[in-house]
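Take a look at the letters that make up each chain.
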Amino acid sequence: MEDRKAKVMQVAIKLFANRGYHETSMQEIADQAGVSKGLLYKYFESKETLLVDVFMENHENMVERAKHIAIDQLLTPKEKLKKTIEVEFEGILGNKNYFNLITKSLLLERNKHLQPMLQQVRAELLDWHREMLLKVYGEPIKPIIWDMVMVFQGILKEYVSFIIEGKKTLSSSEVATFIVSSMDAVIETRKDQQPVIQEQHMSHYIFAQEKQQGTTEEKLIQQLNNLKTTIAKKVDVTDGTYQVLKETIQLFEQELLEKHPRMYLLQSLYLFLQKQLGERNELNIIDKLLKQIRE
């Protein structure tokens, strides 16, 4: 990633965490990052897009760092889990502002546009931890998997909070070893008992390897967020076309949030995006979701 863009994202994380997302302006971000407001908007079309990129970048970095562990054939599944925990633990401590952002600041936000995105970010982390535990403990824990994910995340979060808030130093290896042994003990105790958290309790999250849950409107907004990120990062368009695409997506989102969205307008906006961008996975999903609304 370009150095200046990376610096902008780090500045945004710090401001969002300390001042709050709503209270932070794009001008403040530009000033503290030492870039012009015009350049900031060239990198990110809106504050919301900037926040989406922050989430995606941090999650992808964490998953990328753990990839080499997953393919190491010399490690047992439990050793892979331990080393993956170490990577996640060290990654969080290396970006404390991001941890504060996702665990504190954003919990106070009530922006309608943000809620589906925040839910999806949490879903991705839940899904990743679920897959980590299933690879180690297998089929026997499937009925109680969500309880175990909550236990796992709770222990990890509390250790991180203890270090950050108390300015302490702990060994990531020792913490990871403790978490794995704790999971062993809890799973052994709970594996034949009824779960507290069942699948229907998780229906408001959208998981990567399952049929999507939640309202059609929420799914549409998520796909529009994905499309905005794709356009900003990967699609080669002129500045004028980019501006038009940005405004079209914003209009799409605004209409979706209306009490009675106008289907003809949504369909027209979709067709315009398709004409400009051609075949895109996000647009294919949007088309299917619009058909669900019509039905």
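Residues numbered from 1 in each chain as written. Predicted model: local features only at pLDDT ≥ 70, side-chain atom pairs only at ≥ 80, totals over all residues. Heavy atoms only, no water.

(A) Representation of the overall build of the protein within the structure. What the protein contains, in helices and strands, is 13 helices and zero strands. Starting at the N terminus and ending at the C terminus, the protein contains elements arranged as α-α-α-α-α-α-α-α-α-α-α-α-α. When the 295 residues of the protein are sorted by exposure, 45% land in the buried category. If you take every contact in the protein between residues at least 6 apart in sequence, the share linking residues at least 24 apart comes to 71%. Within the structure as shown, the protein displays about 15800 Å² of accessible surface, and the carbon and sulfur contribution to it stands at 51%. (Helix = DSSP H or I, 4+ residues; strand = E, 2+ residues; numbered from the N terminus. Buried < 20%, exposed > 50% of the residue type's maximum accessible area, 1.4 Å probe, protein only. Contact = heavy atoms within 4.5 Å. Areas by Shrake-Rupley, 256 points an atom, 1.4 Å probe, with all protein chains shown as cover.)

(B) Spotlight on the side chain of Asn95. Tracing the chain through its elements places Asn95 in the loop between helix H5 (77-93) and helix H6 (96-103). Exposure remark for Asn95: the relative accessible area of 13% places this residue in the buried category. With sequence-adjacent residues up to four places away left out, Asn95 is seen in contact with Gln10, Ile13 and Asn58.

(C) Up close: the packing of H5 against helix H8 (residues 145-166). Between H5 and H8, the least distance of the axes is 11 Å, while the angle of their chain directions is 40°. When the axis of H5 is compared with that of H8, the two are oblique. Of the two possible hands of crossing, H5 and H8 adopt the one that is right-handed. Residues Ile85, Glu88, Phe89, Ile92 and Leu93 of H5 form the contact with H8, whose participating residues are Phe152, Leu156, Tyr159, Val160, Ile163 and Ile164. (Axes fitted to C-alpha atoms, helices over the stretch in contact; angles between N-to-C directions. Parallel < 35°, antiparallel > 145°, perpendicular 65-115°, else oblique. Left-handed = near helix turned anticlockwise from the far one by under 90°.)

(D) Local environment of the confidence of the model for the protein. Averaged over the protein, the pLDDT score is 85; the fraction of residues at 70 or greater is 89%. The element-level mean pLDDT for the protein is lowest in helix H10 (residues 216-233), coming to 81, with helix H9 (residues 172-190) highest at 96. Low pLDDT, under 50, characterises residues 209-213; the stretch is placed with eleven contacts to residues that sit more than four places away or in other chains. (pLDDT = per-residue confidence, 0-100.)

(E) Quick peek at H8. With 22 residues, H8 extends 31 Å between its outermost C-alpha atoms, agreeing within 8% with the 32 Å of an ideal straight helix rising 1.5 Å per residue. Lys167 sits one or two positions beyond H8 and adopts a positive phi of about 55°. (Expected span 1.5 Å × (residues − 1).)

(F) Main features of the pattern of salt bridges. The full count for this structure, using the stated rule, is twelve salt bridges. Here Arg19 and Glu28 are joined by a salt bridge, their closest N and O atoms 3.3 Å apart. Arg19 sits in the partly exposed class, given a relative accessible area of 41%. Each of Glu48, Lys228 and Glu253 takes part in a single network of salt bridges with overlapping partners. (Salt bridge = Lys/Arg side-chain N within 4 Å of Asp/Glu carboxyl O.)

(G) Geometry of the packing of helix H12 (residues 263-277) against helix H13 (residues 281-294). Between H12 and H13, the shortest axis-to-axis distance is 11 Å and the interhelical angle comes to 165°. Taken together, the axis directions place H12 and H13 in an arrangement best described as roughly antiparallel. Read as a crossing pair, H12 and H13 show a hand that is left-handed. Across from Met263, Leu266, Gln267, Tyr270, Leu273, Gln274 and Leu277 in H12, the residues of H13 making contact are Leu283, Ile286, Asp287, Leu290, Ile293 and Arg294.

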